[in-house]
Amino acid sequence: MGNKESTLGDEPTPEGVIADRSLIHFEHMFKGEIYETFGPLFVNTYGEVKKGNRQVQILCKGKVFEIIEDVGITGKRQIEVGYTQVTGIGFDHGKSQVKFNIAIESEDNFIILTMANSIEFEQEMKLRFGVAASANREFRIPTPMYMGMFAGATKPKPFQRKRPNQSLLPAGKLPSLHEMRNTALLLQKG
């Protein structure tokens, strides 16, 4: 009928390829906390952390992402990891946590980050891994592992499950339906 091309970017079109290549030029920043570290890659940079809450910023760049921790006024600890170095990624959206597994020189390393919003971060990682895979044909996108409430191959529809607060921000309280209706009527009348 009217549409001959998908507008969602599902099909390989020149516009989709251009958009993927353009993603390299954008940087996105996410806020989070270091919950746990393991392995020399992360322990040498951040120290051994168990159930911590040290504030970090995750900066997603073209071919790498950085995990940056501010130390004092002028100091910072940071590590740069290429998307192609990630061997595993896990999400626990119930706790808003992300786990990165990175194997360098046959040593296992992982870091668990508690994110302000892990669902947005998951979407960003999917895009970044897709761009890395299109640039490097030998790179295999790590299969994400899901834990907690959103685990399983067949997830229930959103209205069939209890939805926890996906972020660490405090939940706001809505006014009662009666107050909302009265406000809407006042706005309608002008």
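Residues numbered from 1 in each chain as written. Predicted model: local features only at pLDDT ≥ 70, side-chain atom pairs only at ≥ 80, totals over all residues. Heavy atoms only, no water.

Caption draft 1: Examining the overall build of the protein more closely. Along its length, the protein carries four helices and eight strands. Along the protein, helices (α) and strands (β) appear in the sequence α-β-α-β-β-β-β-β-β-α-β-α when read from the amino end. The buried share of the protein, taken over its 190 residues, is 32%. A sequence separation of at least 24 residues applies to 49% of the contacts in the protein between residues at least 6 apart. Looking at the protein as shown, the accessible area adds up to about 13,100 Å², and 54% of this sits on carbon and sulfur atoms. (Helix = DSSP H or I, 4+ residues; strand = E, 2+ residues; numbered from the N terminus. Buried < 20%, exposed > 50% of the residue type's maximum accessible area, 1.4 Å probe, protein only. Contact = heavy atoms within 4.5 Å. Areas by Shrake-Rupley, 256 points an atom, 1.4 Å probe, with all protein chains shown as cover.)

Caption draft 2: A look at the sheet that holds strand E8 (residues 144-146). The eight strands lie next to each other as E4-E3-E2-E1-E7-E6-E5-E8, forming an open sheet whose pairing is mixed. Strands with a single pairing partner mark the edges of an open sheet, and in this sheet they are strand E4 (75-82) and E8. In this sheet, adjacent strand axes meet at a mean angle of 30° when their direction is disregarded. (Pairing = 2+ DSSP bridges. Axes fitted to C-alpha atoms, helices over the stretch in contact; angles between N-to-C directions.)

Caption draft 3: Representation of the pairing of strand E2 (residues 50-60) in the model. As judged from the eight bridges shared by strand E1 (residues 28-38) and E2, these two strands associate in the antiparallel manner. Counted as the bridge partner of Lys 31 is Gln 57 from E2. Pairing geometry for E2 and strand E3 (residues 64-71), over four bridges, is antiparallel. Each residue of the ladder has a partner; that of Cys 60, found in E3, is Phe 65. The hairpin formed by E2 and E3 contains three residues between the paired strands.

Caption draft 4: Region of interest: helix H4 (residues 177-189). The terminal C-alpha atoms of H4, which comprises 13 residues, lie 18 Å apart, in line with the 18 Å expected from a rise of 1.5 Å per residue. Burial within H4 is sparse, with just zero of its 13 residues counted as buried. (Expected span 1.5 Å × (residues − 1).)

Caption draft 5: The side chain of Glu 36, seen in detail. Along the chain, the position of Glu 36 falls in strand E1. If sequence neighbours within four positions are ignored, Glu 36 has contacts with Val 49, Lys 50, Phe 110, Ile 111 and Ile 112.

Caption draft 6: Inspection of the pattern of salt bridges at higher detail. If you walk through the whole model with that rule in mind, you get six salt bridges. Residues Glu 122 and Lys 126 are paired through a salt bridge, measuring 3.6 Å at the closest nitrogen-oxygen approach. Remark: Lys 126 and Glu 122 occur in helix H3 (residues 118-135); sequence separation between them is four residues, near one turn of the helix. Among the residues examined, Glu 122 registers a relative accessible area of 7% and is labelled buried. Note that Arg 128 is salt-bridged to Glu 124, the shortest N-O span being 2.7 Å. (Salt bridge = Lys/Arg side-chain N within 4 Å of Asp/Glu carboxyl O.)

None of this, on its own, says anything about what the molecule does.
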